[in-house]
Amino acid sequence: MSRLWAVVALLCALTGSVWAQALPYERPVDRAPQEKSIGGGYKTPDVQKPLPRKGWLEITDVVLLAAAMGVSVWIVVKRRNRRWLMALSATSVAYFGFYREGCVCPIGSIQNVTVALTDGHYHIPMVVTATFFLPLLVAVFYGRAFCGGVCALGSLQELVLIRPVQVPKKLDRALGWLKYVYLLAAIGFAVLPLAQRDFVICRFDPFVSLFRRSGFAHMLALGAAFLVLGMFVGRPYCRYLCPYGGLLAWFSRLSSRGVSITPNKELDCGLCTDACPYGAIEKMRAVRANCLYCARCYEACPREGPLVQLRGQA
Ligand code: SF4
Ligand code: SF4
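Remember, it's a predicted structure, so these values are computed and weren't measured experimentally.

1. Points about the overall build of the protein chain
Move 1: Along its length, the protein chain carries 17 helices and two strands.
Move 2: The proportion of buried residues among the 314 residues of the protein chain is 46%.
Move 3: Long-range pairs, those at least 24 residues apart, make up 77% of the contacts in the protein chain between residues at least 6 apart in sequence.
Move 4: Carbon and sulfur atoms provide 67% of the accessible area of the protein chain, an area that totals close to 17200 Å².

Okay, structure coming up:
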């Protein structure tokens with residue numbers, strides 16, 4: 001029942017933002033002053049990144065996002081295979097991260113959707129609306145599939161995590177509240193009057209400068225610092241700062257399917273709990289809200305990990 005309400009709430013918000021869809025707009029560049037008409041060797045500054053994208057390519061991005069989440073669910077829920085998930089993560093980092101330069105992403109779209117719902121003069125493209133809602137809709141049914149190998153930010157952090165240490169539970173819980181504070185602050189800055197409005201999630205995105213191979217030195221340094229920290233502390237941005245992760249955690253609480261520790265096979269050895277770098281296994285069960293779909297628990301399981309698969313082939 002609560003899942004139905006969540007879907008209804010998402011549809012209501014979706015309807016609101018659909019009214020704020022962008023009208024087709026063509027910039028009258030031929031009438032604007034050009035390099036030749038300005039003269040004096042004037043060069044148009046090369047600052048517009050990312051470049052506007054053709055409509056069909058934007059739709060392709062949404063289709064790819066939906067397909068990637070379907071693949072993520074299939075790999076993690078059905079195949080229970082971490083190696084394939086790593087391949088999906090690397091593909092997502094390459095495509096959504098370095099090729100698409102981290103844009104459009106659901107995390108930043110929180111701000112666009114917020115403004116679209118509160119400011120009648122603000123319009124957003126349909127692809128931004130779809131990018132915001134799709135991962136939440138999937139979370140209602142299957143948990144955080146977007147975080148498992150689809151989100152470029154999360155996948156990048158997953159790929160660099162080589163020697164995870166467990167964060168003490170109390171500290172982990174306390175730091176986990178930061179993302180909700182950040183979410184409220186981001187919404188607060190987004191609904192300010194136009195002159196003061198600020199999209200802080202995008203401005204302080206620690207990885208977008210890396211994906212674009214450009215940007216302020218301090219943001220590149222921040223991204224590098226997150227990655228170095230993330231070699232030992234599992235996905236620090238996801239767990240403690242990502243505002244969209246906070247929304248996904250809420251919606252994934254309603255999901256009935258997702259990562260499951262296999263009750264009919266388990267030995268109660270606790271190896272899966274030790275293997276989870278995100279503290280997402282409690283009392284030998286995966287906690288949907290915190291589970292980042294990494295599939296490390298399957299890999300560590302003596303009853304279904306790679307060793308069992310090898311034994312089966314022998
Ligand atoms: S928590 Fe945020 S940054 Fe991390 S994978 Fe999920 S959406 Fe991406
Ligand atoms: S329970 Fe932990 S180890 Fe297993 S998929 Fe979820 S986050 Fe990864």
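2. Describing the packing of aromatic side chains
Move 1: As enumerated under the stated definition, the model contains 12 aromatic pairs in all.
Move 2: Pairwise contacts between aromatic rings join Phe132, Phe133, Phe146 and Tyr244 into one cluster.

3. Remarks on the site of ligand 1
Move 1: Lining the immediate surroundings of ligand 1 are 14 residues, of which Arg144, Cys147, Cys151, Cys238 and Cys242 lie closest.
Move 2: Among the secondary structure elements, those contributing two or more residues to the shell around ligand 1 are α7 (152-160), α13 (236-240) and α14 (243-252).
Move 3: A total of three residues in the shell around ligand 1 trace back to one element, the largest contributor, which is α14.
Move 4: When its residues are assigned to classes, the shell around ligand 1 shows 10 nonpolar, two polar and two charged.

4. Here's the deal with the site of ligand 2
Move 1: Near ligand 2 the following residues occur: Val259, Cys276, Tyr278, Ala280, Ile281, Ala286, Cys291, Leu292, Cys294, Ala295, Arg296 and Cys297.
Move 2: Grouping the constituent residues of the shell around ligand 2 by class yields 11 nonpolar, no polar and one charged.

5. Digging into the packing of helix α5 (residues 106-118) against helix α9 (residues 178-190)
Move 1: Between α5 and α9, the shortest axis-to-axis distance is 9 Å and the interhelical angle comes to 45 degrees. It follows from the interaxial angle that α5 and α9 lie oblique. Once α5 is placed against α9, the crossing between them reads as right-handed. On α9, the residues touching Ile110, Gln111, Thr114 and Val115 of α5 are Leu183, Ile187 and Ala190.

6. Structural notes on the packing of helix α8 (residues 169-176) against α9
Move 1: Two elements in contact, α8 and α9, have axes separated by 5 Å at closest approach and are oriented at 5 degrees. By the angle between their directions, the pair α8 and α9 is classed as roughly parallel. Together, Ala174, Leu175 and Gly176 of α8 and Leu178, Lys179 and Tyr180 of α9 make up the contact between the two elements.

7. Some details on α5
Move 1: Under the 1.5 Å per step criterion, the end-to-end length of α5 is 18 Å for 13 residues, consistent within 8% with the ideal 18 Å.
Move 2: Burial analysis of α5 places 11 of its 13 residues in the buried class, which makes it a mostly covered element.
Move 3: Those residues of α5 that fall on the buried side of the exposure criterion are Pro106, Ile107, Gly108, Ser109, Ile110, Gln111, Asn112, Val113, Thr114, Val115 and Ala116.

8. Points about the side chain of Lys179
Move 1: Here Lys179 is to be found in helix α9.
Move 2: In this structure Lys179 is buried but unpaired, with Asp172 as the nearest side chain of opposite charge at 7.7 Å.
Move 3: When near neighbours in sequence (up to four residues on either side) are disregarded, Lys179 contacts Cys238, Arg239, Tyr240, Leu241, Cys242, Pro243, Gly245 and Gly246.

9. Things to note about the pattern of salt bridges
Move 1: Scanning the model with the defined rule gives nine salt bridges in all.
Move 2: Close ionic contact of Glu158 with Arg82 constitutes a salt bridge, the shortest N to O distance being 3.1 Å. Residue Glu158 is located in helix α7, and its partner Arg82 is located in helix α4 (residues 82-99); the two are separated by 76 residues in the primary sequence. Each member of the pair, Glu158 together with Arg82, is buried.
Move 3: Taken together, the salt bridges that share partners define one network made up of Arg82, Glu158, Arg235, Arg296 and Glu299.

10. Observations regarding unusual backbone geometry
Move 1: Positive phi values are uncommon outside glycine, yet Arg235 reaches one of about 40 degrees.
Move 2: The residue Arg235 is located in the loop between α12 (217-230) and α13 in this model.
Move 3: Positive phi values are uncommon outside glycine, yet Lys283 reaches one of about 50 degrees.
Move 4: Its place among the elements puts Lys283 in the loop between β1 (281-282) and β2 (285-286).

11. Observations concerning the confidence of the model for the protein chain
Move 1: The share of residues in the protein chain with pLDDT of 70 or more is 89%, and the mean pLDDT across the chain is 89.
Move 2: Put simply, helix α17 (residues 306-313) is where the protein chain has its lowest mean pLDDT, 59, and α13 is where it has its highest, 98.

12. Description of the nonpolar core
Move 1: Among the nonpolar cores identified, the biggest contains 69 residues, and Ile107, Tyr237 and Tyr244 are the most heavily contacted of them.
Move 2: Sort the elements by how many residues they give to this core and helix α3 (residues 55-79) lands first, with seven residues.
Move 3: With near-sequence residues (within four places) excluded, Ile107 lies in contact with Cys151, Leu153, Ile201, Tyr237, Cys242, Pro243 and Tyr244.

13. Side note on the environment of Asn290
Move 1: Looking at where Asn290 falls in the secondary structure, it is placed in the loop between β2 and α16 (296-300).
Move 2: Judged by its relative accessible area of 33%, Asn290 is partly exposed.
Move 3: Between the alpha carbons of Asn290 and Tyr278 there is a distance of 7.3 Å; along the sequence they are 12 residues apart.
Move 4: Leave out the neighbours within four places in its chain, and Asn290 touches Arg144, Tyr278, Gly279 and Ala280.

About the cut-offs
- Residues numbered from 1 in each chain as written.
- Chains lettered and ligands numbered in written order.
- Predicted model: local features only at pLDDT ≥ 70, side-chain atom pairs only at ≥ 80, totals over all residues.
- Heavy atoms only, no water.
- Helix = DSSP H or I, 4+ residues; strand = E, 2+ residues; numbered from the N terminus.
- Buried < 20%, exposed > 50% of the residue type's maximum accessible area, 1.4 Å probe, protein only.
- Contact = heavy atoms within 4.5 Å.
- Areas by Shrake-Rupley, 256 points an atom, 1.4 Å probe, with all protein chains shown as cover.
- Phe/Tyr/Trp six-rings, centres within 6.5 Å; stacked < 30°, edge-to-face > 60°.
- Near = heavy atom within 4 Å.
- Nonpolar A, V, L, I, M, F, W, Y, C, P; charged D, E, K, R; others polar.
- Axes fitted to C-alpha atoms, helices over the stretch in contact; angles between N-to-C directions.
- Parallel < 35°, antiparallel > 145°, perpendicular 65-115°, else oblique.
- Left-handed = near helix turned anticlockwise from the far one by under 90°.
- Expected span 1.5 Å × (residues − 1).
- Lys, Arg positive; Asp, Glu negative; His and termini not counted.
- Salt bridge = Lys/Arg side-chain N within 4 Å of Asp/Glu carboxyl O.
- pLDDT = per-residue confidence, 0-100.
- Core = buried A, V, L, I, M, F, W, Y, C linked by side-chain atoms within 4.5 Å.

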